Amino acid sequence: MTDFGGCAARQEFKAHGSRVQVHDEFVHVKRTLLSRLGGNSDATIWLNNVRDVVAMEPTRSVNGYVYLRTVGDPELLRILAPSRRHRIDGNPHTVMFTYILRDEQHELALGS
């Protein structure tokens, strides 16, 4: 487990283009360089601000995701939307998973 802000993560998950660290009070999403170049950013999501956890399981042809919706976040995300914040792949509170990483996605969705 890696350290963030002096406190060790309870769990760490590998996702498509990021790593997710679950701590007692927050979740930290650390994007890869390629994801950051694509326009997405790292995010720290405080668990007391999470209003809903939306998950779509990945299939062999479509990536899945876990969306930790907080106060002020859009209720629905879309594949195509005018702003990145309203897109599945552009919202910093969304973590993408490939079919190979479906077990990680399932654990994160259940643990959140």
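Everything numeric in this text was worked out from a predicted model, so none of it was measured. (Residues numbered from 1 in each chain as written. Predicted model: local features only at pLDDT ≥ 70, side-chain atom pairs only at ≥ 80, totals over all residues. Heavy atoms only, no water.)

(A) Up close: the sheet that holds strand β5 (residues 26–31). Read across the open sheet, the four strands follow the order β3-β4-β5-β6; overall the sheet is antiparallel. Each edge of the open sheet carries a strand with a single partner, namely β3 (11–15) and β6 (43–46). If you compare each strand with its neighbour and ignore which way they point, the axes differ by 15° on average. In this sheet, β5 lies alongside strand β4 (residues 18–22) in antiparallel orientation, the contact comprising five bridges. Residue pairing for β5: valine 22 is matched across the bridge by valine 27. Most of the contacts of helix α2 (residues 102–111) go to β3, to which it runs at about 135°, and overall it touches β3 and β4. (Pairing = 2+ DSSP bridges. Helix = DSSP H or I, 4+ residues; strand = E, 2+ residues; numbered from the N terminus. Axes fitted to C-alpha atoms, helices over the stretch in contact; angles between N-to-C directions. Contact = heavy atoms within 4.5 Å.)

(B) A look at the sheet that holds strand β8 (residues 64–70). One open sheet accounts for three strands, arranged β7-β8-β9; its pairing is antiparallel. Since the sheet does not close on itself, it has two edges, and those belong to β7 (50–56) and β9 (94–97), each with one partner. Here the average twist between neighbouring strands, direction ignored, is 10°. The pairing of β7 with β8 spans six bridges and is classified as antiparallel. Each residue of the ladder has a partner; that of alanine 55, found in β8, is valine 66.

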